[in-house]
Amino acid sequence: MSEKEQQQKIFRKKTLDRISSPEQLTETLRVTGVGIWAVLAAVILFLAGLFAWAAIGTLETKAEAKVVVQGNSAQVITVGQQSMEAGMPLRVSEVETKIISANTDEYGRSVGYADVPLPDGIYDGTVVVEQTHPIEFLTGKK
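Just so we're clear, the structure is a prediction, and the values are computed from it rather than from any experiment.

J.: Residues and numbers for the side chain of Thr126, please.
T.: Checked against the element boundaries, Thr126 lands in strand S7 (residues 121-132). Accessibility expressed as a relative area gives 18% for Thr126, which makes it buried. Each residue touching Thr126, except ones within four places of it in the same chain, is listed here: Lys62, Ala63, Glu64, Pro89, Leu90 and Arg91.

What follows is the structure, encoded as structure tokens:
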């Protein structure tokens, strides 16, 4: 037998021994480590939290306003070009109420009226002009 035939025979014998070895059949095949599963679980939890916030949470567009209170009645004047409508939420000194009526004054400012249980005076307030749920960006519904 030539030297080349002997090497092929030995190689084949080693390969056959390795494949048919019973101790390797009982070992488990490790595909992924624990770290990969932990990262995958963290990503899934993050995406679930993001989806829950998008479905339940709200994004608000707000307009700053000056609120003049006299006898529990408030005149609300927005700062800037935002317009007000009846029913919009008004927040003044941790009190939230709704605009009862709104119009435009002779200077082109949006002026609203609301009932506010605060002492007479001038306050800084916020009018919520628009509320949007983030999921609406994905669905296109409003």
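J.: Could you give me a rundown of the side chain of Asp105, with the residues and numbers involved?
T.: With respect to the helices and strands, Asp105 occurs in the loop between strand S5 (101-104) and strand S6 (110-115). Within the structure, the side chain of Asp105 is placed 3.1 Å from the backbone nitrogen of Tyr107, a separation counted as a polar contact. In terms of polar contacts, Asp105 uses its side chain to reach the side chain of Arg109, at 2.8 Å.

J.: Can you tell me about the pairing of S5, naming the residues and giving the values?
T.: Note that S5 and S6 share four bridges and pair antiparallel. Counted as the bridge partner of Asn103 is Val111 from S6. Joining the antiparallel neighbours S5 and S6 is a turn of five residues, in which Gly108 adopts a positive phi near 85 degrees.

Parameters and conventions
Residues numbered from 1 in each chain as written. Predicted model: local features only at pLDDT ≥ 70, side-chain atom pairs only at ≥ 80, totals over all residues. Heavy atoms only, no water. Helix = DSSP H or I, 4+ residues; strand = E, 2+ residues; numbered from the N terminus. Buried < 20%, exposed > 50% of the residue type's maximum accessible area, 1.4 Å probe, protein only. Contact = heavy atoms within 4.5 Å. Polar contact = N/O pair within 3.5 Å; in protein donor to acceptor, adjacent residues only side chain to side chain. Pairing = 2+ DSSP bridges.

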